[in-house]
Amino acid sequence: MVENHLFLQKVLMVVSLTLITSYTATISAHGGGATLDPAGNKATFTALARVTCLDDGNGPPDHLVARIRDNSPAIPGMFVSLQLHKGSKAISITDITPGDAEFSPFVTLQGGNGTYFMMADKTIAGARDFEVEWHCNTATGVHTGTDIVVDQFE
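About the criteria used
Per chain, the residues get numbers from 1 upward, laid out in the order the sequence is written. Given that the model is predicted, a residue must reach a pLDDT of at least 70 before its local features are reported, and side-chain atom pairs must reach 80 or more before they are shown or counted; all residues, however, enter totals for whole chains, interfaces and linings. The side-chain numbers reported here are obtained from all heavy atoms of the structure, hydrogens and water having been left aside. Going along the chain from the N terminus, every DSSP run of H or I of four or more residues is numbered as a helix, and every run of E of two or more is numbered as a strand. Burial here depends on accessible area, computed with a 1.4 Å probe over protein chains only, as a share of the maximum for the residue type. Under 20% is buried, over 50% is exposed, and the range in between is partly exposed. A contact between two residues is defined here by any heavy atoms of the two lying within 4.5 Å. Note: two strands are recorded as paired if DSSP finds a minimum of 2 bridges between them. Lines fitted to C-alpha atoms define the axes here, with helix axes fitted over just the stretch in contact, and angles between the N-to-C directions of these axes take values from 0 to 180 degrees. Each Phe, Tyr or Trp ring (for Trp, its six-membered ring) is paired with any other whose centre lies within 6.5 Å, and the angle between the two planes then decides the class: stacked below 30 degrees, edge-to-face above 60, tilted in between. Ring-over charges, as used throughout, are those where CZ of Arg or NZ of Lys falls within 6 Å of the ring centre and within 35 degrees of the ring normal. Here a cavity denotes grid points, spaced 1 Å and computed from the protein atoms alone, that fit a 1.4 Å probe unable to get out, and a pocket denotes an open set having protein on both sides within 12 Å along at least 5 of 7 lines; residues with an atom within 4 Å of a point are the lining. Grid points are joined across faces, edges and corners, and a volume is the space filled by probe spheres set on the points. Each residue gets one of three labels, nonpolar for Ala, Val, Leu, Ile, Met, Phe, Trp, Tyr, Cys and Pro, charged for Asp, Glu, Lys and Arg, and polar for the others, Gly among them. Defined by distance alone, a disulfide is two cysteine sulfur atoms within 2.5 Å. In this scheme, patches are assembled from residues that exceed 30% relative accessible area and form no salt bridge. Like charges are connected within 9 Å, while nonpolar side chains (Val, Leu, Ile, Met, Phe, Trp, Tyr) are connected within 5 Å. Using a 1.4 Å probe, the Shrake-Rupley method yields the accessible areas, and only the shown protein chains count as cover for residues. Take a side-chain nitrogen of Lys or Arg and a carboxyl oxygen of Asp or Glu: if they are within 4 Å of each other, that pair is a salt bridge.

A. Up close: the overall build of the protein chain. Each helix and strand in the protein chain was counted, giving one helix and nine strands. Element order for the protein chain, N to C, with α for helix and β for strand: α-β-β-β-β-β-β-β-β-β. The buried share of the protein chain, taken over its 154 residues, is 34%. Here the analysis covers contacts within the protein chain between residues at least 6 apart in sequence; of these, 78% occur between residues at least 24 apart.

Structure, rendered in C-alpha cells:
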C-alpha cells in the first residue's frame, strides 16, 4: 500500500512538472504554420509578415531569431526558405531536409527595436506545409516583446 502511494506521488509530480514546463514554453514561444501554394500551381507563392520587436519590460530588443520547417514529403528540387530583412540587413535559411520533422537552424538578424520583415517561399510549384518559429530577444538572449502582422499570403 505504501509503495503504491509513493509511486502515485511520483507519477503526479512528473505530470505536474510536465504541465508546468509545457505551459511556460507555450507562453514564450511564437510560431505558426500554413500551406504555401495550396492549389499547387504557383512557383512564386510567398508569405510576407511584419514582426515588431519591442520592450515589453524584459529589456530592449537586440535581434530577431527565426527558423523554418518543411513538413511535406521530399520532392526533388523543392525546398522552403525563410528570409528576415530590416533596414540594410538581411539573412535567409532553407530547410534542406523536407519532411524530417526537424526545423532548420535558427538565423539571427541584429536590427534592434522596430519592425522586421519575414518572408517564406519555395523553389518550385507545388503545395508545401510549413511552420515558422520566431522570437525577439534582448542582447543577453532574454525573450522580449514580439508582435506579428501577416501582410501577404499568395
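B. Seen up close, the environment of F79. Within the secondary structure, F79 is located in the loop between β3 (63–70) and β4 (80–86). Taking the relative accessible area as the measure of exposure, F79 reaches 29% and is therefore partly exposed. Separated by 16 residues in the primary sequence, F79 and D95 have C-alpha atoms spaced 6.5 Å apart. Contacts of F79, omitting those with residues within four sequence positions, involve T94, D95, I96, P98, D121, K122 and T123.

C. Molecular detail of the sheet that holds strand β7 (residues 114–122). One open sheet holds the five strands; their spatial order is β5-β4-β7-β2-β9, and the pairing between them is antiparallel. In this open sheet, the two edge strands, each paired with only one partner strand, are β5 (89–95) and β9 (145–153). Each strand of the sheet is rotated relative to its neighbour by a mean of 20°, with strand direction disregarded. The pairing of strand β2 (residues 46–54) with β7 spans eight bridges and is antiparallel. Among the inter-strand pairings, C53 is bridged to a residue of β7, identified as G114.

D. Highlighting the packing of aromatic side chains. Tallied over the full model, the rule gives one aromatic pair. Its end group placed over the ring of F103, R67 keeps NZ or CZ at 4.4 Å from the ring centre. Directly above the ring of Y116 sits K86, whose terminal nitrogen or CZ lies 5.2 Å from the centroid.

E. How the structure looks around the layout of surface pockets. By volume, the largest pocket amounts to about 200 Å³. Lining the largest pocket we find 16 residues, and of these A47, A49, M118, F130 and V150 sit closest to its centre. Breaking the lining of the largest pocket down by element, the ones donating at least two residues are β1 (31–36), β2, β7, β8 (128–137) and β9. Split by residue class, the lining of the largest pocket holds 14 nonpolar, two polar and no charged.

F. Main features of the state of the cysteines. Within the structure shown, the criterion is met by one disulfide. Here C53 is linked by a disulfide to C136, with a sulfur-sulfur distance of 1.9 Å. Taking the sign of the S-S torsion, about -70° here, the bridge from C53 to C136 comes out left-handed. Placement of C53 in strand β2 and of C136 in strand β8 is noted, with a sequence separation of 83 residues between them. C136 carries the same exposure label as C53, and that label is buried.

G. Here's a closer look at a nonpolar patch on the surface. A cluster of nonpolar side chains, I148, V150 and F153, forms an exposed patch at the surface whose accessible area comes to about 260 Å². You can see I148 is positioned in strand β9. I148 sits in the partly exposed class, given a relative accessible area of 35%.

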